[in-house]
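Remarks on the overall topology
In case you want the letters, here they are:
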Amino acid sequence: MLEPAVFIPAAAILGLVVGSFLNVVIHRLPKMMENEWRAQCAELEGKDPPDTGRYNLMVPRSACPACGTPIRARDNIPVLSWLLLRGKCAKCGKPILARYPVVEAATGLLSALVAWKFGYGWAAAVVLIFTWTLIALTFIDADTTLLPDDLTLPLLWLGLIVNLLGWLPGVTLRDAVIGAIAGYLVLWLIYWAFKLATGKEGMGYGDFKLLAALGAWMGWKALLPIVLLSSVVGAVVGIVLIVLARRGREIPIPFGPYLAAAGFIMMMLGDRIKGLLPL
C-alpha cells in the first residue's frame, strides 16, 4: 500500500498527464461525432461519405490551431510548457488558449483530492476514472451543448459494475440500479412537463443519461442533492450571465457542467450532504 505522502502527489502528476489527454478528447470527440453524422447522412442520401482522412483521438498529432505546426513533446508538458512559452505557439507566436493548462491543472488538483479522500485502492482508481469523465463531459457540453453517449453510457455501466463488485462504500447494487433508473426518469419527466407547459425543450437527452450515470455510481439517495445543487448553481450562473448581458434569455445554458460539478461534490461529501436531508 502506498502512503498518502506518496499516493496523493502521484495521483496529482497522473492527473496532469490525463488532463493533457482530456484536452484532446474535449476538442476532437465532437468533431469525430460530426464526421460520423456527415457520413451517415451521405449514406442515407446515396452519396459517398466526405473524405476527412484519419481523425481520432490519436491521429493526427496535436498541432497549433493557428499555423498547424505539430507540437513537440517538450512543448506538451502539462501546464509547465504553456507557462514557459508564455501561452504562445513556439513556432508562430500566436496565443494558445489558457483553457488547456486550466483543464490540466484542474484534473491534477481533483485527482489529488480523490486520492486524499479514498486512499490507495480500487475505490480511488475507479473514482479517478469517474472524475476524469466528468471533466471531459463538462467542457464538451460547455462548448457544444452535447453530452456524448460515448462518455455517458460507459460511465453509467461502469458505475453499475463498480457497485456490483462492492468497490464503493455505502452503495448497494440495488441502490445503484434504482439510482440509474430514477436518475433518467426524473429529468425525463421534468423535460416533458416543461415541454407540455411551454412548447419548448428545456434540456437534452444527454442530461438524462448523465444523471442516470450519477445515480448508478452513488445510488438513488444521491439524486435529490445532485439535482438541487446543480439547479441552484445553474440558476445563479444563468442569472449572472443575463445580468452581465453576456447571454440572452433565449440562448440555452448547458446543464451538464452543473450536473457534473454536483456529482463530484456528492462523491466527495455525499455522506455529510445526505445527512442534512430527510432521506
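Residue indices follow the written sequence of each chain, beginning from 1 at its first position. Residues qualify for local features only when their pLDDT is at least 70, as the model is predicted, and side-chain atom pairs are given and counted only at 80 or more; totals for whole chains, interfaces and linings, by contrast, use all residues. Note that the side-chain values use all heavy atoms of the structure and ignore hydrogens as well as water.

**Structural notes on the packing of aromatic side chains**
Paired rings are identified among Phe, Tyr and Trp, the last through its six-membered ring, by centres lying within 6.5 Å, and are further divided according to the angle between planes into stacked (under 30 degrees), edge-to-face (over 60) and tilted (the rest). One pass over the structure, following the stated rule, counts 9 aromatic pairs. Ring centres of Phe-7 and Tyr-120 lie 5.4 Å apart, and the angle between their planes is 90°; on these two criteria the pair is classed as edge-to-face. Note that Phe-7 is positioned in helix α1 (residues 4–44) and Tyr-120 in the loop between α3 (99–118) and α4 (122–144), a separation of 113 residues in sequence. Note on exposure labels: buried denotes an accessible area under 20% of the residue type's maximum, exposed denotes more than 50%, and partly exposed covers the range between, all computed with a 1.4 Å probe on protein chains only. Judged by its relative accessible area of 47%, Tyr-120 is partly exposed. Taking the centre distance of 6.5 Å and the plane angle of 65° together, the rings of Trp-188 and Trp-192 count as edge-to-face. Taken together, the residues Trp-188 and Trp-192, both in helix α6 (residues 173–198) and 4 residues apart, mark about one turn of the helix. Overall, the relative accessible area of 31% leaves Trp-188 in the partly exposed class. Three or more aromatic residues link up through ring pairs in this structure, and these residues are Tyr-184, Trp-188, Tyr-191, Trp-192, Tyr-205 and Phe-208. Here a strand is any run of E in DSSP of at least two residues, a helix any run of H or I of at least four, and the numbering for each starts at the N terminus.

**Comments concerning the nonpolar core**
Residue types Ala, Val, Leu, Ile, Met, Phe, Trp, Tyr and Cys, when buried and joined through side-chain atoms within 4.5 Å, form a set referred to as a nonpolar core. Among the nonpolar cores identified, the biggest contains 56 residues, and Phe-130, Trp-217, Met-218 and Ile-226 are the most heavily contacted of them. Within the residue set of this core, elements represented by two or more residues are α1, α3, α4, α5 (149–164), α6, α7 (205–218), α8 (223–243) and α9 (256–275). Per element, the largest residue contribution to this core is 12 residues, and it comes from α4.

**Some remarks on the side chain of Ser-81**
As for its position among the elements, Ser-81 is in helix α2 (residues 80–84). At 3.4 Å, the side chain of Ser-81 forms a polar contact with the backbone nitrogen of Asn-76. Residue contacts are counted whenever heavy atoms from the two residues lie within 4.5 Å of one another. Beyond its immediate sequence surroundings of up to four residues, Ser-81 is in contact with Arg-74, Asp-75 and Asn-76. By the criterion applied in these results, polar contacts are pairs of N or O atoms within 3.5 Å in which, for protein atoms, one can donate a hydrogen and the other can accept it, and in which residues neighboring in sequence qualify only through two side-chain atoms.

By themselves, these figures tell us nothing about what the structure is for.
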